[in-house]
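Notes for the structure review
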Amino acid sequence: MEKRDFTITAETGIHARPATILVQAASKFASDVTLSYEGKSVNLKSIMGVMSLGVGQNAKVTITASGDDEKDALDAVAETMKKEGLTD
Amino acid sequence: MSLLLNGLAASSGIAIAPAYLLVGSELPVQKQHISDKNHEVARLHDSFALSRQELHAIRDQAHRRLGQRAATVVDTQLAMLDDPVLFDSIEQHIVSEQITAEWAVQKVADHYMAIFERLNDNDYLQARGMAMRDLAKRLLSHLLGVKLPNPKQLDHRAIIVANNITPTDTAQFDRRYVAGLVTDTGGRTSHFTIMSKTLYLPVVVGTKKATAAIKDGDLLVVDGIHGKVVVNPSEGELEKYRLLAGRFAREQEAWGALRNQETISQDGRHFEVAANVGTLADIQDAQNNGAEGIVLLRTEFLYMNQTKLPGEDQQFSAYKQFVAAMNQHRVVTRTLDVGGDKRLEMVPLPHEANPYLGFRAIRIGLAKPEILRPQLRAMLRASVYGRLAIMFPMVATIEEFRQARQILDEEKASLEKSGVPVADNIEVGMMLEIPSVAMMADLFAQDVDFFSIGSNDLIQYLFAADRGNARVAYLYQELHPAVLRTVKRVIDAAHAEGKWVGMCGEMAGNPLATPLLMGMGLDEFSMNSGQILHIRSLIKQMNTRQLQPLVHRSLNAQTASAVTAMVKKFLKENNLE
């Protein structure tokens, strides 16, 4: 299992637009990808789950991936977050 | 007969065009129990498939016409359709409660919208709730076999009239044909108003009844400068608005040139023309209009629609953004100003017979330090990112100001003790809204670093008249000599102590008041961003010395109407209209 912590720096947090793009990125991989925030975990391939978490600015989140392509999945998600301006 | 609707001016400009009503028929969801579960689930499948098909088409069109960003708005709804979590939970309701697919869709959509609304994370433009509502509407339209209004069909220049405008609506418009927008609901910061501003489309929101009062094809005037909509205008009204539209276009061009200029009068005096802001989205507006600072940062937005008080960190990060965005221009943050007509869910206030004369603003702050202290700490922490100043609202006595300042000093000392950097020489001032303070201004001026005159409340308190009450609103007279004398007294008292005076009420943005305020020596004018360039243009054309006879005559006039006549005559004679 791959696991990484992130701090969300974007002013608007993971709002609808970046949530959509993150879900699209995670869905390209076979591994299970989860997003955890304040003790709650959701499937990063589920837009309903990600949007229900309400991840705002300065939130500390953890993303885990487990499966055959777990390393690639996590790298891709991390890169998407950076590209979307969610993390520094 | 023409009809006038009032709303909020959300994007400036004037448009004259026929109305295009974007209103669907009501989608009546019958709350029925069913026996054939499989049939309902099959209908649900169909509605998902049809919606997916439609959204793909809308998405491709948006991508072609408007680019990737607009297409992503539709992608959100496609991702929701593809998310088994959504489908499964609707199916679950059908099966376990034996209800229609329509009812189940409505239940699940309501459930998610409630979750999204509860989240305390400042959802950007309520995008998630909007996506859920929009998608539910589409699913229901297929289940019920009704057609949604189709903005794609718009093929002539028109003014869109809608209850509210959804992201999929905006993604479908052909922008060549949209002349302006009018809505029943919505606020100044809705996603479509932000888009409209960048396209210079006039927008009036919050008319409450536009869709009921306007028929498809009615000729409309949208006045996005004053927040008015004229339905089926008379020839005379049309003429008036055509002139106004022409003048607006010419003024925009002339004022645009002043955007990056300082506001310096003909006799070389610098006046500061700054913005009043109330949300992060307003920063862009202030900058686009060349604000020389933010001299009223209303902090209430952090508390609105929240279930608990915003934390110190959340406030800090917001204040930091304002301060950093304005570079070295001054940003005056005002501590929480609620009470009166502004109420907050998490600060329950008892019912009062006279809320405007009651427990509000700094009176609450001093009584509830658990609200004031974290706010002041957040402001102090943000002070190192630019030029932050702090002011207290509704101070009535010198003791209140000293008490608030004492709390501020304590928090500053506590932050410094724990090694948190705080700027030196933060200016600390107060709103001047209460006549008692104006009477004592010379003594207050020894304690404060500045006054900001809140003209709206000050005038109400001077005349003992609520301007929201139509029967006494005539007593709200900005140009009354009583107001002018009060302002003059405050400016003179502050200047005698070497302090500056600003004004952040509506009077500061009233061009008829400008020559008087300028002549009396007001140092700073703070207003809604849309008025900045107009006032700057006026100030730059005037000379403070030449204004003195006008000021003198106005202070000695008997009535507001006499002052108004004098000012209008002066502006006309000097070609400043």
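For the structure itself, look to the data block above.
Presented here is a report on the structure given in the accompanying data block. Values in this document were obtained by computation on a predicted structure and should not be read as measured data.

A few words on the side chain of Glu478(B). Residues and elements named next belong to chain B. Here Glu478 shows up in the loop between helix 17 (455-463) and helix 18 (481-496). Only 3.3 Å separates the side chain of Glu478 from the backbone nitrogen of Met507, close enough to count as a polar contact. Of the polar contacts made by the side chain of Glu478, one reaches the side chain of Asn510; its length is 2.8 Å. For Glu478, the residues in contact, after removing those within four places along its chain, are Ile459, Val483, Leu484, Glu506, Met507 and Asn510.

A word on the sheet that holds strand 3 (residues 14-22) of chain B. All names here are of chain B. With respect to topology, eight strands assemble into an open sheet ordered 1-8-7-3-4-5-6-2, the strand pairing being mixed. At either end of the open sheet lies a strand with only one pairing partner, and these are strand 1 (3-6) and strand 2 (8-11). Strand-to-strand, the axes of this sheet are offset by a mean angle of 30°, without reference to chain direction. Sitting on the sheet, helix 9 (residues 235-256) is in contact with strand 3, strand 7 (219-223) and strand 8 (228-231), with an inclination near 115° to strand 3.

Residue and element names in this part refer to chain B. Scanning the entire structure with this criterion turns up 30 salt bridges over all chains. Close ionic contact of Glu251 with Arg247 constitutes a salt bridge, the shortest N to O distance being 3.2 Å. With Glu251 and Arg247 both in helix 9 and four residues apart, the pair spans about one turn of that helix. Given a relative accessible area of 44%, Arg247 falls into the partly exposed group. Here Asp337 ties to Arg334 by a salt bridge, and the two come within 3.5 Å at their closest N and O atoms. Relative accessible area serves as the criterion here: at 3%, Asp337 is assigned to the buried category. The exposure class of Arg334 is buried, given its relative accessible area of 5%. Among the charged side chains, a network of salt bridges with common partners joins Glu312, Asp313, Arg373, Arg377, Arg381, Glu410 and Glu411.

All names here are of chain B. For strand 11 (residues 294-298), the tally of buried residues reaches four of five residues, placing the bulk of the element in the interior. Pairing of strand 10 (residues 270-277) with strand 11, which is carried by three bridges, proceeds in the parallel orientation. Within strand 11, the position partnered with Ala275 by the bridge is Ile294.

Residue and element names in this part refer to chain B. With seven of ten residues buried, helix 20 (residues 532-541) is to be regarded as a mostly interior element. Where helix 20 is concerned, the buried positions are Ile532, Leu533, Ile535, Arg536, Ser537, Leu538 and Ile539. In this structure, the buried side of helix 20 is in contact with helix 9, strand 9 (263-264), strand 10, helix 19 (514-520), strand 17 (524-527) and helix 22 (560-573).

Looking now at the packing of helix 13 (residues 369-382) of chain B against helix 14 (residues 398-417) of chain B. Residues and elements named next belong to chain B. Where helix 13 meets helix 14, the axes come as close as 9 Å, and the angle between the chain directions of the two elements is 55°. By the angle between their directions, the pair helix 13 and helix 14 is classed as oblique. As helix 13 runs across helix 14, the sense of the crossing is right-handed. In contact with Leu372, Arg373, Leu376, Arg377, Leu380 and Arg381 of helix 13, helix 14 contributes Ile407, Leu408, Glu410, Glu411, Lys412, Ser414 and Leu415. Of the residues contributing to the contact of helix 13 with helix 14, the split by class is six nonpolar, one polar and six charged.

Residue-level contacts link 21 residues of chain A with 22 residues of chain B. Between chain A and chain B lies a buried interface of about 1800 Å² when both sides are counted; carbon and sulfur atoms form 63% of it. Of all residues in chain A, Arg17(A), Met48(A) and Met51(A) bury the most surface against chain B, accounting for 32% of the area lost on that side. If you look at where chain A meets chain B, you find seven residue pairs in polar contact (both at pLDDT 80 or more). Those elements that provide at least two residues to the side of chain A that touches chain B are helix 1 (16-26) and helix 2 (47-53) of chain A. Here the side of chain A that touches chain B takes six residues from helix 2 of chain A, the largest share from any one element.

Turning our attention to the sheet that holds strand 3 (residues 40-43) of chain A. Neighbouring strands of a sheet are bound in pairs by backbone hydrogen bonds; such pairs are parallel or else antiparallel. All names here are of chain A. The four strands lie next to each other as 1-4-2-3, forming an open sheet whose pairing is antiparallel. In this open sheet, the two strands that pair with only one neighbour each are strand 1 (2-7) and strand 3. Looking at each pair of strands side by side, their axes are set apart by 25° on average, direction ignored. Bridge count for strand 2 (residues 32-37) against strand 3 is four bridges, and the pairing is antiparallel. From the neighbouring strand, Thr34 faces strand 3, where its bridge partner is Asn43. With respect to the sheet, helix 3 (residues 70-83) is in contact with strand 1, strand 2 and strand 4 (60-66), its orientation differing from that of strand 1 by roughly 10°.

Rules used throughout
Residues numbered from 1 in each chain as written. Chains lettered and ligands numbered in written order. Predicted model: local features only at pLDDT ≥ 70, side-chain atom pairs only at ≥ 80, totals over all residues. Heavy atoms only, no water. Helix = DSSP H or I, 4+ residues; strand = E, 2+ residues; numbered from the N terminus. Polar contact = N/O pair within 3.5 Å; in protein donor to acceptor, adjacent residues only side chain to side chain. Contact = heavy atoms within 4.5 Å. Pairing = 2+ DSSP bridges. Axes fitted to C-alpha atoms, helices over the stretch in contact; angles between N-to-C directions. Salt bridge = Lys/Arg side-chain N within 4 Å of Asp/Glu carboxyl O. Buried < 20%, exposed > 50% of the residue type's maximum accessible area, 1.4 Å probe, protein only. Parallel < 35°, antiparallel > 145°, perpendicular 65-115°, else oblique. Left-handed = near helix turned anticlockwise from the far one by under 90°. Nonpolar A, V, L, I, M, F, W, Y, C, P; charged D, E, K, R; others polar. Buried area = accessible area lost by both parts, 1.4 Å probe.

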